[in-house]
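Summary of structural features
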Amino acid sequence: MSSQQIRNGKGHRAYKRKAAALKRRTARDNLSCGYGSDFGCGEPIDTTLHYQDPMAFTADHPVAITNGGDLVKQDLHPFHRKCNRQKSDAAVVEIWGAT
Ligand SMILES: [Zn+2]
């Protein structure tokens, strides 16, 4: 099953609600990027940026969906788009490649 199918499937609306709530919390509490200083980030996230901006807000699953993570039950972490991508490249790509 591709990640696209999973995102459009069961739990998708609940996920979007959670992601929206996290975005509000990120803006209100100035939460920083979950890609911590160990990885060269941990910087604040500007939630007003266009979603395609590399520094825009994204809601990350600690356990990637493609790695068996639950779409809705996990606590999401705020990530920059570019950091989420870097993390995915490191952790998930080989699983995508294997399917
Ligand atoms: Zn970041």
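About the criteria used
Residues numbered from 1 in each chain as written. Predicted model: local features only at pLDDT ≥ 70, side-chain atom pairs only at ≥ 80, totals over all residues. Core = buried A, V, L, I, M, F, W, Y, C linked by C-beta atoms within 7 Å. Buried ≥ 20, exposed ≤ 12 C-beta atoms within 10 Å, placed from the backbone. Contact = placed C-beta atoms within 7 Å. Helix = DSSP H or I, 4+ residues; strand = E, 2+ residues; numbered from the N terminus. Pairing = 2+ DSSP bridges. pLDDT = per-residue confidence, 0-100. Expected span 1.5 Å × (residues − 1). Arc of directions from axis to C-beta.

1. Focus on the nonpolar core
- The biggest cluster of nonpolar side chains holds six residues, and these are Cys33, Tyr35, Ile45, Phe57, Phe79 and Cys83.
- Ignoring anything within four residues of it in the chain, the contact list for Phe79 reads Cys33, Gly34, Tyr35, Thr58, Asp60 and Asn84.

2. Some details on the pairing of strand β1 (residues 57-60)
- Side chains of β1 alternate between two faces, with Phe57 and Ala59 and Thr58 and Asp60 buried alike.
- The sheet contact formed by β1 and strand β2 (residues 77-80) spans four bridges and is antiparallel. Each residue of the ladder has a partner; that of Asp60, found in β2, is His77.

3. Observations regarding the environment of Gly11
- Along the polypeptide, Gly11 turns up in the loop between α1 (3-7) and α2 (12-29).
- Separated by 62 residues in the primary sequence, Gly11 and Lys73 place their C-alpha atoms 9.4 Å from one another.

4. Things to note about unusual backbone geometry
- The phi dihedral of Asn30 falls on the positive side, at around 50°, and the residue is not glycine.
- Taking the C-beta count within 10 Å as the criterion, Asn30 has 10 such neighbours and is therefore assigned exposed.

5. Focus: the confidence of the model for the chain
- With 75% of its residues at a pLDDT of at least 70, the chain reaches an overall mean of 81.
- At the low end of the mean pLDDT range in the chain sits helix α4 (residues 93-98), at 42; at the high end sits β2, at 94.
- Here residues 92-99 is a poorly scored stretch, pLDDT under 50, and it has seven contacts once near neighbours within four places are set aside; other chains count.

6. Some remarks on α2
- Here α2 is 18 residues long and its end C-alpha atoms lie 25 Å apart, about the 26 Å a rise of 1.5 Å per residue gives.
- Three or more residues of α2 are buried, namely Tyr15, Leu22 and Thr26. Relative to the axis of α2, the buried residues are bounded by an arc of 40° and lie together on one face. Structural note: α2 exposes Arg13, Ala14, Lys16, Arg17, Ala20, Ala21, Arg24 and Arg28 on the side pointing more than 90 degrees away from its buried face.
- The elements touched by buried residues of α2 are β1 and β2.
- Looking one or two places after α2, you find Asn30, whose phi comes out positive at around 50°.

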